[in-house]
Structure formats: C-alpha cells, structure tokens
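# Residue-level structural notes
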2 protein chains.
Amino acid sequence: MSEENEWSEYAARLIADAGLRRSTPRQRVIELLAEQSCAITALQIDAALDGVGRATVYRAIEQLEELGLVHKVDLGGSAFGYEKLEPSGHHHHHIVCDDCGKVEPFEDEALEDAIHDIHRKGFKLETHEVTLHGHCADCS
Amino acid sequence: MSEENEWSEYAARLIADAGLRRSTPRQRVIELLAEQSCAITALQIDAALDGVGRATVYRAIEQLEELGLVHKVDLGGSAFGYEKLEPSGHHHHHIVCDDCGKVEPFEDEALEDAIHDIHRKGFKLETHEVTLHGHCADCS
DNA sequence: ATAGTAATGAGAATGAATCTCATTATACGA
DNA sequence: TCGTATAATGAGATTCATTCTCATTACTAT
Ligand SMILES: [Mn+2]
Ligand SMILES: [Mn+2]
Ligand SMILES: [Zn+2]
Ligand SMILES: [Zn+2]
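For every chain, the first residue of its written sequence is number 1, and the numbers climb from 1 along that sequence. Numbering of ligands from 1 and lettering of chains from A proceed in the order in which they are written. Reporting in this predicted model follows two pLDDT cut-offs: at least 70 for local features of residues, and 80 or more for side-chain atom pairs to be given and counted; totals over whole chains, interfaces and linings ignore these cut-offs and use all residues. Processing note: side-chain calculations cover all non-hydrogen atoms of the structure and skip hydrogens and water entirely.

## Here's the deal with the domain arrangement of chain A
Residues and elements named next belong to chain A. Each domain's limits were defined by an automated method or a database of domain assignments. Per the domain assignment, the segments making up chain A are domain 1 (3–84) and domain 2 (93–134). For domain 1 versus domain 2, the distance between C-alpha centres works out to 21 Å. By the convention used here, residues are in contact when the closest approach between their heavy atoms is within 4.5 Å. At the interface, 7 residues of domain 1 touch 8 residues of domain 2. Buried area is a sum: the accessible area each of two parts loses on coming together, probed at 1.4 Å, counted once for each and added. When the buried area of domain 1 at its contact with domain 2 is split by residue, C38, H71 and L75 rank highest and sum to 68% of it. The working definition used for a salt bridge is a side-chain nitrogen of Lys or Arg within 4 Å of a carboxyl oxygen of Asp or Glu. The interface formed by domain 1 and domain 2 includes 0 salt bridges. Polar contacts, as counted here, are pairs of nitrogen or oxygen atoms within 3.5 Å of one another; within protein the pair requires one atom able to donate a hydrogen and one able to accept it, and residues that are adjacent in sequence qualify only if both atoms are side-chain atoms. For the pair domain 1 and domain 2, the interface holds 2 residue pairs in polar contact (both at pLDDT 80 or more). Helical segments are the DSSP runs of H or I of at least four residues, strand segments are the runs of E of at least two, and each set is numbered from the N terminus. With 3 residues, strand β2 (residues 70–73) is the largest single contributor of residues to the side of domain 1 that touches domain 2.

The following block contains the structure:
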C-alpha cells in the first residue's frame, strides 16, 4: 500500500473511532493532505477544493490535529503550514531561507535521538518541531 | 555587568553600526526586551510602553530581528513571541502545553550538539528553533 | 423512509500585523 | 549653537489569515 493510502485509511479509522461521520468535504481535505509530501496552508487547501468551504477546511484541520494526524508548522510565511503525521512516527523537519522563504525538508537521526532523550518532569511530551533558519545558495 | 545590560549595550552598538539613530521609543523597546527572561509578544510590548506606538514596536522588532538581536518564536498562541538573543549564542528552547498554553523554557546540550552537526549544502545555517509539545501536569 | 444531529458553507467578525502619511526628533556640519 | 536633511515616529486605516454565526444539508442508525 502506498504511504498516502496508508495515512488516509489510518485517518479514516481514527475519525470513525472518534465518533465523527464520514463526510465528503472532510474526506477531500484528508485526501489532499495525503498527497502532499511537505506542508500546505489552509488557504491552499481551500483554493484547491472547489465546493469545500473555508470554515470546513479549518475545522477539518483542527480535528485532524487533535487526533494527532496532522502537524502545524511555522515556515516563516504569513500563514501556517500543515502536514500529515505518519502513524509510524516517521517525519521530517524544515530548513527555511529567511531571505526568499524557500523551504526544504530534512531528516536527521541524531537529532531525533537527542530529542527523544529529553525528559521534563511534569510534562508528557508528544510531538516536536525543529526549524533551521539561514540563507539559501541563491540568496547568499 | 548584568546580562540585561550586556545585551542592551550590544544592541545599542549594532544599531549604531547599522547607521540607525538612537531614538527614545526604540530604546525603550530594547530595554523592555532586555528585562525579559523568555518570550513576549509585540502587543504586550506595545501595551507596556505608553507613548510608544504599535507601528514603532513592530518596526523595532523587525530591525532587531534583522540584526540578529531578537528571535521570533511560535509558542502556539495567537501571536508570535520575541526574545533577545545573547551575543554569546547561549539560548533556550520551549516546551508548550497544547491544552492550556503554558510555556516552559529548557536547555539541552546534546540537542544543541546534534543541531550544530547538521549541514545542508546550498544553505548557510544561522539560527534554529525547537519546540516540544505535550501536556503539562495540570492538564494530564 | 424518518428522525436526530453532526457537518457544512456563505458571509460576517475578529485581531495580529502591516501600511500611510503628516509630524517630530536626531545627527551632523557649518 | 543653529539649521538642515532625513531617520523615526504614532494615530489610524488597512490587510488578510483565522474564527465565528447560523440557516441549511447530509450522515447514520433505527
Ligand atoms: Mn474551497
Ligand atoms: Mn504602546
Ligand atoms: Zn523530529
Ligand atoms: Zn538551540
């Protein structure tokens, strides 16, 4: 099974388990998110889905976030980005060019290890976000 | 010399080197940021400084950011936070409770080492931001 | 099929951040 | 010290991502 379908179906399952209905608009938001390999904004989703209202897009994102299916990321622009969170836990982080706004995903095993070693009493840690800032080759 | 004064004077020097004037409103923004040990929002700064306009607060923050004196952080609320960046490079990151919004700073040497070992060709890395999300004791 | 209610979407409202522009303050040379 | 150039300011308007409202629609279970 492709990774997109895997996530879509996992999402459908959690949605059902949460007692939510299987509605077409929310389903389309899920499918669009499933196709993306990196972050996309709420307004991009809204624009891509004719017939799906803005409010529905934001509501769907909020629910997916609460179910741990989607992750909100600040990529330096004027809007937040959202990307699916694989059930395996496998994920990437981002490098942002502070001059032109270009975003590149990256993965780093040592970084993940260091993060997983962090414990703070009084806090149950769930997710994390790492963003590196700098200047890309074109802007240097 | 206290760390606040150290940063204030460092900021004053960079402001001067950049050819900017030593204006009272901008100076007051700098001093307020110097007093904080963690992030504060632009509107909190504006509210704390009577006689200093909102536009001036945002402009000052933008300039300080460009000079590498201030760091913008997304702490999950409706507005961004800003905190001073010590000339020594010494800094902390944040743990956020996704339920109540509580923010706690933390430092981790191994994490910093892992981040400094990250290199990406075509990118000159400057700063980084790490945010851990979870649930605090009160909300668990 | 029907009832019960979750979900939707158009549009209004909110609010952080940005922009405008007339006025003021600062730096610097005379 | 004075005058000039212009950086900087602040009130208010504006933008625009996000949230809210509420009448209507569409799931789902019976
Ligand atoms: Mn749409
Ligand atoms: Mn103010
Ligand atoms: Zn990670
Ligand atoms: Zn760090």
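## Some points on the environment of S140 of chain A
In this fold, S140 of chain A is placed in the segment after β6 (123–136). Between the C-alpha atoms of S140 of chain A and D99 of chain A, which are 41 residues apart in sequence, the distance is 8.9 Å. When neighbours within four sequence positions are excluded, S140 of chain A is seen to be in contact with H135 of chain A together with K124 of chain B. One polar contact links the side chain of S140 of chain A to the main-chain carbonyl oxygen of C136 of chain A, over a distance of 3.0 Å.

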